[in-house]
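# Descriptive structure summary
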Amino acid sequence: MVRVDRTWAVTFKRQDQAISIDGAQIGARVDAPPSLAQLAKVEEARSTDDMWPMLVSQDGILVASGGRISDEDLASAIAIAKDMMAKRRDGAQPSQAEVQYLADLQRAGSTLLDRLPEDLFYPRLGPVRASRQMTLPDGMIGEFEVRYEGVADPQGGWLSQAERSVTSRIGHSEQTARETWRMQAE
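Residues numbered from 1 in each chain as written. Predicted model: local features only at pLDDT ≥ 70, side-chain atom pairs only at ≥ 80, totals over all residues. Heavy atoms only, no water.

Here the focus is a nonpolar patch on the surface. A surface patch of nonpolar side chains, about 290 Å² in accessible area, is lined by V2, V4, L36 and L39. Within the secondary structure, L36 is located in the loop between β2 (18-31) and α1 (37-45). (Patch = residues over 30% accessible without salt bridge, like charges linked within 9 Å, V, L, I, M, F, W, Y side chains within 5 Å. Areas by Shrake-Rupley, 256 points an atom, 1.4 Å probe, with all protein chains shown as cover. Salt bridge = Lys/Arg side-chain N within 4 Å of Asp/Glu carboxyl O. Helix = DSSP H or I, 4+ residues; strand = E, 2+ residues; numbered from the N terminus.)

Right under this line is the structure:
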């Protein structure tokens, strides 16, 4: 398991009929097995500056960054996964192929985490679950499952906590990438 914790300082400002959100990453910590130490260093050093600024509409929807994962996003991830697997022609045995395909599927599925949920700062859409199956090379069946749920603060309606996960499955193997957001006043 690899765990990445990032902390941002953000400011909210009125901008006409919307809210502008600006921020800066103030911390990053990656916990990973020793065999992935180099990957952990790269991830800790990775900049998240390109996600700022953001614009939230008057009704709390993120309009200038991100968006809900759509059927088109899932279809795109499936196309990426199939393309990656079609290029793999290494003669692996079925169990090895399953592990290799799962890694490719997880890598393709991570593109589903690139977009922020549109109701991230003011959750209101309720739990969301979407899944798609696909036939892979060698006749195996793969699946992406995306889950998202945001919980609003009962007093103000802003984000208390949200979680999104993307699970990739092939046969009896699965991998999950999960993001959790919390908003706290300082």
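A separate point is the sheet that holds strand β3 (residues 54-56). Ordered by their spatial adjacency, three strands build an open sheet running β1-β2-β3, and the pairing between neighbours is antiparallel. Strand pairing shows two members of the sheet lacking a second neighbour, β1 (3-15) and β3, which therefore form its edges. Shown here is a sheet whose adjacent strand axes are inclined to one another by a mean of 35°, direction ignored. One ladder, built from 13 bridges, connects β1 with β2; its direction is antiparallel. If you follow T7 over to β2, its bridge partner there is G27. Docked against the sheet, α1 engages β1 and β2, running at close to 155° with respect to β2. (Pairing = 2+ DSSP bridges. Axes fitted to C-alpha atoms, helices over the stretch in contact; angles between N-to-C directions. Contact = heavy atoms within 4.5 Å.)

Next up on the list: the pairing of β2. Where β1 hands over to β2, the hairpin turn is made up of two residues, of which D16 adopts a positive phi near 55°. Relative to β3, β2 runs antiparallel, the two sharing three bridges. In the strand pairing of β3, S20 is matched with L55.

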